[in-house]
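Close look at the chain arrangement
Below, each chain spelled out in residue letters.
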Amino acid sequence: MDVEKKEADSNSVTAVSLEEDKNAVEPTKSDNDIRVCIIGNVDSGKSTLIGVLTRCVKDNGNGLARKYVFNFPHEQDSGRTSSIAHEIMGFDKDMKQVMPTRANAGKVEQWHHINKSAQKYISFLDLCGHEKYLKTTVFGLSGLMPDYAMIVVGGNMGVSKMTKEHLGITLALDVPFFIVVTKIDIAPPEVLKNTVQTLCRILKGVKKSAEIVKPEDDFAKLISLFKTGAVCPIFSVSNVTQDGITQLKLFLSLLQSRVHVNPIFRSAKDPAEYLIDEVFNVAGVGIVVNGTMLAGEITTNQVLLLGPDNIGEFAPVVIRSIHYKRCLLYTSDAADDMQCVDLGGRRIIKKKKKK
């Protein structure tokens, strides 16, 4: 389909239900959907790491794995992320990763396959590393409400200014984080050692204890310490040789959602409120919005109020269809993220967008 992407307004719009749903149920999918944003300096290997984790492939050292993550051709050409990319990783009931059908499968095929077997999701939000896209990164860290942040540091690059900037923003937003040092296969031993030591000093300065993760570590104990906020795990990985990737996957499989401790999210029994992050104009479909359910429950053909606009008014719209992780749903409840909702009342919405 021909999709024309429109930037979301900086003052995010919400859709609020006309009446409370008395029969709504408590959120369930959100308990098993952990949102992890990936931040770090440009060229540290963030997108490549996501590709290696989700597609179960080895990188070739020239960005083979990252091509499955990028949204636009110009990102592949430059090797740098300029938009927020979404990828998911699924675990079955035994906490084993749901393997992809094939590495080069399209996102729709890949996500549908994971949805069939996964009991737990890790939703990756690939954010920008370049300084000129810092506003986009800040929006991802704040507006997309991640449970955790993965700070990626190139082992051959040292701790850069932007790494410190991202760390400061994460601390200010009180998002729990862990660190992944990449490119250990090409990093000179002395540079890699200095990078890890610098990270340990920085963490000590913010009253966190650095925990260098080893294969023989007790990961259940590590998770318990991580939940206290006093410990920050540091993983060392290579996207090319796969060193450290198994330990990182095990750690991710043990993470728990923080949706119930986030005051922004409310019960599914509350009136519905949907925070719009992005707006799309899809040929043959119309206006489609992407965002997060903050409260309540929505269903197809339900009437919501869209707004407020510039003069504080709300316009009625109808929910035509709901997609969650690229799969069609008929209902959606509080804290479900990365949803796409097809709205009726298209003429009204277009007028509101122009104002």
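The text that follows walks through the structure, step by step, so that each part is easy to find. What you are looking at is a predicted structure, and each value in this text was computed from that prediction instead of being measured. (Residues numbered from 1 in each chain as written. Predicted model: local features only at pLDDT ≥ 70, side-chain atom pairs only at ≥ 80, totals over all residues. Heavy atoms only, no water.)

1. A closer look at the overall build of the chain
- Along its length, the chain carries 9 helices and 17 strands.
- Across the 355 residues in the chain, those meeting the buried criterion constitute 51%.
- In the chain, of all internal contacts separated by at least 6 residues, the share reaching a separation of at least 24 is 72%.
- If you sum the accessible surface of the chain, you get close to 16500 Å²; carbon and sulfur atoms cover 52% of it. (Helix = DSSP H or I, 4+ residues; strand = E, 2+ residues; numbered from the N terminus. Buried < 20%, exposed > 50% of the residue type's maximum accessible area, 1.4 Å probe, protein only. Contact = heavy atoms within 4.5 Å. Areas by Shrake-Rupley, 256 points an atom, 1.4 Å probe, with all protein chains shown as cover.)

2. Quick look at unusual backbone geometry
- The peptide bond linking G307 to P308 adopts the cis configuration, its omega dihedral lying at 0°.
- Secondary-structure assignment places P308 in the loop between β13 (303–307) and β14 (315–324).
- A positive phi angle is found at C56, which is not glycine, with a value near 55°.
- In this structure, C56 sits in the loop between α1 (46–55) and α2 (73–78).
- A residue is classified by how much of its surface remains accessible, and C56, at 24% relative accessible area, is partly exposed.
- The phi angle at K207 is positive, at roughly 65°, despite the residue not being glycine.
- Positionally, K207 belongs in the loop between α6 (189–205) and β8 (209–212).
- Residue classification places K207 among the exposed residues on the basis of a relative accessible area of 77%.

3. Concerning helix α3 (residues 107–117)
- Along α3, the positions that sit buried rather than exposed are K107, Q110, W111, I114 and N115. Looking straight down α3, one finds its buried side chains confined to an arc of 130°; they lie on one side.
- Those residues of α3 that are buried lie in contact with α1, β4 (85–91), β5 (120–126), β14 and β15 (327–329). (Arc of directions from axis to C-beta.)

4. Regarding the environment of E131
- Relative to the elements of secondary structure, E131 occurs in the loop between β5 and α4 (134–143).
- In this structure the C-alpha to C-alpha distance between E131 and E165, which are 34 residues apart in sequence, comes to 9.6 Å.

5. Focus on helix α8 (residues 245–254)
- Burial analysis of α8 places 7 of its 10 residues in the buried class, which makes it a mostly covered element.
- Those residues of α8 lying buried are I245, Q247, L248, K249, F251, L252 and S253.

6. Things to note about the nonpolar core
- Membership of the largest hydrophobic core comes to 33 residues, with the highest contact counts inside it found for V36, F124, M150, F178, L252 and L255.
- Those elements that provide at least two residues to this core are β3 (33–40), α1, β4, β5, β6 (148–154), β7 (177–182), α7 (219–228) and α8.
- Residues contacting M150, with those up to four places away along its chain left out, are V36, C37, I38, I39, L49, L53, F124, F178, V180 and L252.
- In this structure, V153, L167, V181 and L192 belong to the second largest nonpolar core, which totals 23 residues. (Core = buried A, V, L, I, M, F, W, Y, C linked by side-chain atoms within 4.5 Å.)

7. Some thoughts on the environment of H113
- By secondary structure assignment, the location of H113 is in helix α3.
- Sequence-wise, H113 and G90 are 23 residues apart; in three dimensions their C-alpha atoms are separated by 9.6 Å.
- In this structure, H113 is in contact with V98, M99, P100 and T101, ignoring residues within four places of it in sequence.
- In terms of polar contacts, H113 uses its side chain to reach the backbone carbonyl oxygen of M99, at 2.7 Å. (Polar contact = N/O pair within 3.5 Å; in protein donor to acceptor, adjacent residues only side chain to side chain.)

8. Remarks on the pattern of salt bridges
- Under the counting rule described, the total for this entry stands at 7 salt bridges.
- Residues K325 and D33 are paired through a salt bridge, measuring 3.1 Å at the closest nitrogen-oxygen approach. Residue K325 is found in the loop between β14 and β15, and its partner D33 is found in strand β3; the two are separated by 292 residues along the sequence. You'll find K325 and D33 in the same group, each marked buried.
- Linking R102 and E109 is a salt bridge whose minimum nitrogen-to-oxygen distance equals 2.8 Å.
- Taking the relative accessible area as the measure of exposure, R102 reaches 39% and is therefore partly exposed.
- Its relative accessible area of 34% is what places E109 among the partly exposed residues.
- Members of the salt-bridge network, linked through shared partners, are R55, E87 and K107. (Salt bridge = Lys/Arg side-chain N within 4 Å of Asp/Glu carboxyl O.)

9. Focus on the environment of H74
- Positionally, H74 belongs in helix α2.
- Within the structure, H74 has its side chain in polar contact with the side chain of S82 (distance 2.9 Å).

10. Focus: the packing of α1 against α8
- Where α1 meets α8, the axes come as close as 11 Å, and the angle between the chain directions of the two elements is 75°. Classified by the angle their axes make, α1 and α8 are roughly perpendicular. Where α1 abuts α8, its residues L49, V52 and L53 lie against I245, L248, K249 and L252.
- Taken together, the residues of the contact of α1 with α8 sort by class into 6 nonpolar, no polar and 1 charged. (Axes fitted to C-alpha atoms, helices over the stretch in contact; angles between N-to-C directions. Parallel < 35°, antiparallel > 145°, perpendicular 65-115°, else oblique. Nonpolar A, V, L, I, M, F, W, Y, C, P; charged D, E, K, R; others polar.)

11. Considering the sheet that holds β6
- Taking strand neighbours across the sheet as the criterion, the 7 strands line up as β4-β5-β3-β6-β7-β9-β8 in an open arrangement whose pairing is mixed. Single-partner strands in this sheet number two, and they are β4 and β8. Shown here is a sheet whose adjacent strand axes are inclined to one another by a mean of 25°, direction ignored.
- Sheet analysis places β8 next to strand β9 (residues 231–236), joined by 4 bridges and oriented parallel. Across the sheet, E211 pairs through a bridge with P233, a residue of β9. (Pairing = 2+ DSSP bridges.)

In short, geometric facts, not functional conclusions.
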